[in-house]
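Here are the chains, one letter per residue:
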Amino acid sequence: MLFCNVLLIVLCLAIVLVYGIAIFKGICYIRAERRLKKLEKDINDWPRSSNKPLRKQMTTDTYNHVHSILTAPDVVDRLERERDNPLFSFINTYMAGCEHVNYHHEGDVWQHTKLVISNRIKFDHDYLDVAAALLHDIGKKTALEQNGGKNMAGHELLGIPYAADVLSGFDFNDDEKELVLWLVQNHTKANDLPKTTSKYSCWSLVTHPWYNRLERLAIADSEGTIGTDGKPVII
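Residues numbered from 1 in each chain as written. Predicted model: local features only at pLDDT ≥ 70, side-chain atom pairs only at ≥ 80, totals over all residues. Heavy atoms only, no water.

Visitor: I'd love a proper account of unusual backbone geometry, names of residues and values included.
Guide: One non-glycine residue, D171, lies in the positive phi region at around 65°. Look at D171 and you get partly exposed, because its relative accessible area is 28%. (Buried < 20%, exposed > 50% of the residue type's maximum accessible area, 1.4 Å probe, protein only.)

Visitor: Tell me about the environment of I121, and name the residues and values.
Guide: Counting through the fold element by element, I121 comes out in the loop between α5 (109-120) and α6 (127-135). Residues I121 and A220 lie 99 residues apart in sequence; the distance between their C-alpha atoms is 8.9 Å. Not counting residues up to four positions away in its chain, the partners in contact with I121 are P73, V75 and V130. (Helix = DSSP H or I, 4+ residues; strand = E, 2+ residues; numbered from the N terminus. Contact = heavy atoms within 4.5 Å.)

Visitor: Now, about the pattern of salt bridges: what can you tell me, with residues and values included?
Guide: Here the structure, examined in full by the defined rule, presents 8 salt bridges. Among the salt bridges present, the one from D129 reaches R213, with a minimum N-O distance of 3.0 Å. Of the two residues, D129 sits in helix α6 while R213 sits in helix α13 (residues 211-223), which places them 84 residues apart along the sequence. Here the residues in one salt-bridge network are R120, D126, D129 and R213, joined through shared partners. (Salt bridge = Lys/Arg side-chain N within 4 Å of Asp/Glu carboxyl O.)

Visitor: So what about helix α9 (residues 160-169)? Which residues, and what values?
Guide: Those residues of α9 not exposed but buried are I160, A163, V166 and L167. With its buried residues spanning 125° around the axis, α9 presents them on a single face. Contact partners of the buried residues in α9: α4 (90-95), α6, α8 (155-158) and α10 (174-186). D171 occupies a position one or two residues after α9 and carries a positive phi of about 65°. (Arc of directions from axis to C-beta.)

Visitor: Kindly report on the packing of α5 against α13, identifying the contributing residues and their values.
Guide: Relative orientation of the contacting elements α5 and α13 amounts to 130°, with a least axis distance of 8 Å. Relative to α13, the element α5 is oriented oblique. Judged by the sense of rotation from one axis to the other, the crossing of α5 with α13 is right-handed. Where α5 abuts α13, its residues H112, V116, N119 and R120 lie against R213, R216, L217, A220, D221 and E223. When the residues that make up the contact of α5 with α13 are grouped by side-chain class, the tally is 3 nonpolar, 2 polar and 5 charged. (Axes fitted to C-alpha atoms, helices over the stretch in contact; angles between N-to-C directions. Parallel < 35°, antiparallel > 145°, perpendicular 65-115°, else oblique. Left-handed = near helix turned anticlockwise from the far one by under 90°. Nonpolar A, V, L, I, M, F, W, Y, C, P; charged D, E, K, R; others polar.)

Now the structure itself:
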């Protein structure tokens with residue numbers, strides 16, 4: 001008799017637990033649906049053109065100089081010649097000489113960055129896309145140091161403060177900085193989409209008004225990564 005009572009209690013608790021989990025999942029699903037609808041409404045209200053001008057005029061000599069470099073057909077050569085310019089000192093500080101041969105066989109971060117820029121300007125772009133390509137791996141040196149030389153994981157976020165300082169030195173306005181920093185922070189996510197298990201994360205990324213820019217940057221980044229066979233690593 002006692003055994004039957006215990007069994008009945010366990011069975012009741014199991015039923016309550018199952019229903020409790022089902023109710024909890026239902027509540028989470030409803031909340032997620034509401035968040036998705038709100039995000040969808042917000043996105044529909046965002047400007048859809050990725051080419052919307054973020055600056056009406058160039059206001060400083062510094063900005064004009066940087067802009068002329070980033071829009072030049074020979075931008076990579078121009079940047080190479082500017083490495084001793086204090087505005088571009090970050091190239092020598094954070095990129096040149098920083099290597100991780102287990103992943104990048106094309107050379108140091110600066111060599112990789114030049115390949116990415118060259119790949120990026122083959123397609124529709126503006127100076128902001130070039131700025132993002134220039135700064136996308138600025139956090140790799142810090143990541144390599146923090147990870148004991150094992151890898152460069154986390155370089156996207158670690159590079160944001162450095163990239164923000166550079167853009168401020170370029171006299172970029174807040175809108176320009178926001179776009180470039182978003183691309184820098186998220187530049188690996190486009191290639192990681194097939195491995196992303198969250199449908200919400202995928203949806204919120206691919207519907208972002210700057211996703212087309214991000215996707216182009218990710219392709220250029222992938223094609224600028226050379227494997228052991230001497231060919232681009234297409235992710």
